[in-house]
Amino acid sequence: MSGIDDLPPLRDVIRQHDLSARKSLGQNFLLDLNLTARIARAAGPLEDATVIEIGPGPGGLTRALLALGARRVIAVERDERALPPLEEIARHYPGRLEIICADAQTFDPRPLLGGGQAKIVANLPYNIATPLLIDWLSIEPWPPWYDMMVLMFQREVAERIVARENDEAYGRLAVLANWRAETRILFDISPAAFVPQPKVTSSVVRLVPRKLPEACDRRALEQVAAAAFGQRRKMLRQSLKSLAVDPARLAAAAEVDLTRRAETVPVSGFVAMARELINIRPTKPS
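The present account deals with the structure reproduced in this document. No experiment lies behind these values; they were computed from the predicted model shown. (Residues numbered from 1 in each chain as written. Predicted model: local features only at pLDDT ≥ 70, side-chain atom pairs only at ≥ 80, totals over all residues. Heavy atoms only, no water.)

## Some points on the sheet that holds strand β5 (residues 118–123)
Spatial ordering of the open sheet is given by β4-β3-β2-β5-β6-β9-β7, a layout of seven strands whose pairing is mixed. The sheet is open, and its two edges are formed by β4 (97–100) and β7 (181–189), each paired on a single side. Strand after strand, the sheet turns through a mean of 20° between neighbouring axes, direction not considered. Taken together, the two bridges between strand β2 (residues 50–54) and β5 define a ladder with parallel strand orientation. By the bridge assignment, Val51 is partnered in β5 with Lys119. Strands in contact with helix α2 (residues 33–41) are β5, β6 (146–154), β7 and β9 (202–209); relative to β7, the strand with the most contacts, it is inclined by about 165°. (Pairing = 2+ DSSP bridges. Helix = DSSP H or I, 4+ residues; strand = E, 2+ residues; numbered from the N terminus. Axes fitted to C-alpha atoms, helices over the stretch in contact; angles between N-to-C directions. Contact = heavy atoms within 4.5 Å.)

Structure representation (C-alpha cells):
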C-alpha cells in the first residue's frame, strides 16, 4: 500500500509488469509518490479540473492527480507496456481516467475537451520535452485550450525556459515562452528519485498562458529571435542581417542600439522588432 492510495507501490507495479524504462522513449520513472503528489499540487485546485498527462509510464503522477481530486485525467502514453498498470488505476478510480495510446507529438486533445479548458501536468520524456513545449506555445489562435502547464524538464532546459535578458540561458526558447506565458521554476528533483537515474537534476516548471500577450505575429517573432540568437556573440547590426532587411529599422523600433547583443534585449524588444519586420515585409497572419 502506498502513501496516497491503497494501490501497490510503484516498484512492485514495475516488477509485476516488467516495465523497465526504455532509453529510446526518454523514460525515467519517478517512483516517490510524495514527489508526484507535490507536482500534482503545483497545478492548483484539481477538483473540477481536466488534466492532460503525457507519458504516465507506471502511473505515479496519474495516481497523485486522481488521489488529489482531479475530476478527469486523460493519460497519453505511446508505450503499450504501460497500458495494463494504467488500466488498473482506471479501475480503482472508475470514470475518471481515460487512457489514450498515442504519440503526444501528434495527439490533439481538443476533441475530448468539448470546448472546455484543461491543465497539462507531466513528467515529460526528456527526448521530446522541448519540441512538445514549443508546440504548445505555438498554438493558434491564442489563448490556448489549456490554462496551466506544470511540466518537468532537465534543469538546463528549465533555465532556458524561464530566463530573462542578461541571463546566460536567455535565448529563443525564453523569448517565445515568456512572450506567451508567465514562467517559473518551482522546485528541483534529484536524479536519485528516478529509475533509472538520469545524469542531471530535473526541475518542475509552471507556465500560465497570458490571456493578452503583446500583439505580435508569432512567426515574425520566431524569425527575429532565430536571427538574433543564431549569432549571439555578434552585435545586432550583424546578426539581424540574415533577415534581409535593414537592421537599423528593427533596432530603432525596439529602441535598442545596434551595438547590443541579443541576450541583452528583453522580450518586449523582440516583439517590437517583429512588428517592424511585418511592416517592412508583410506576411499572412499565422
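## Topic: the nonpolar core
Counting 66 residues, the largest nonpolar core has Trp136, Leu151, Phe153, Ile161, Leu207 and Phe270 as its most contacted members. With near-sequence residues (within four places) excluded, Phe153 lies in contact with Leu124, Tyr126, Ala129, Leu133, Ala158, Ile161, Thr201, Ser202, Ser203 and Val205. Counting 39 residues, the second largest nonpolar core, distinct from the first, contains Leu10, Leu31, Ile39 and Leu61. (Core = buried A, V, L, I, M, F, W, Y, C linked by side-chain atoms within 4.5 Å. Buried < 20%, exposed > 50% of the residue type's maximum accessible area, 1.4 Å probe, protein only.)

## Brief notes about the packing of aromatic side chains
Counted according to the given criterion, the structure contains four aromatic pairs. Considering the side-chain rings of Tyr170 and Phe229, the 5.6 Å spacing of their centres and the 80° angle between planes classify their relative orientation as edge-to-face. On the criterion of sequence distance, the pair formed by Tyr170 in the loop between α7 (155–162) and α8 (172–180) and Phe229 in helix α9 (residues 218–230) is long-range, its members being 59 residues apart. In this pair, the class of Tyr170 matches that of Phe229, namely buried. By way of ring pairs, the aromatic residues Trp142, Trp145 and Tyr146 are connected into one cluster. The side chain of Arg38 reaches across the aromatic face of Phe187, ending 3.8 Å from its centre. (Phe/Tyr/Trp six-rings, centres within 6.5 Å; stacked < 30°, edge-to-face > 60°. Lys NZ or Arg CZ within 6 Å of the ring centre and 35° of its normal.)

## Some words on the pattern of salt bridges
For the structure on display, the rule yields 12 salt bridges. Its salt-bridge partner being Glu98, residue Arg72 comes within 2.9 Å of it at the nearest N-O pair. Of the two residues, Arg72 sits in strand β3 (residues 72–76) while Glu98 sits in strand β4, which places them 26 residues apart along the sequence. One network of salt bridges, in which partners are shared, links Glu140, Arg180, Arg218 and Glu222. (Salt bridge = Lys/Arg side-chain N within 4 Å of Asp/Glu carboxyl O.)

## Remarks on the environment of Pro209
Topologically, Pro209 is positioned in strand β9. By relative accessible area, which is 13% here, Pro209 ends up buried. A C-alpha to C-alpha distance of 22 Å links Pro209 and Asp188, two positions 21 residues apart in sequence.

## Re unusual backbone geometry
With the exception of glycine, the majority of residues adopt a negative phi angle, and the majority of peptide bonds are in the trans configuration. Between Trp142 and the following residue, Pro143, the backbone shows a cis peptide bond with an omega angle of 10°. Residue position: Pro143 is located in the loop between α6 (129–137) and β6. Residue Pro196 is bonded to the preceding Val195 through a cis peptide linkage, with omega at -10°. On the secondary structure map, Pro196 appears in the loop between β8 (194–195) and β9. One non-glycine residue, Asp18, lies in positive phi territory at about 50°. Here Asp18 shows up in the loop between α1 (10–16) and β1 (29–30). The class for Asp18 is exposed, based on a relative accessible area of 59%. If you check the backbone angles, Asn166 has positive phi at about 75° while not being a glycine. One can find Asn166 in the loop between α7 and α8.

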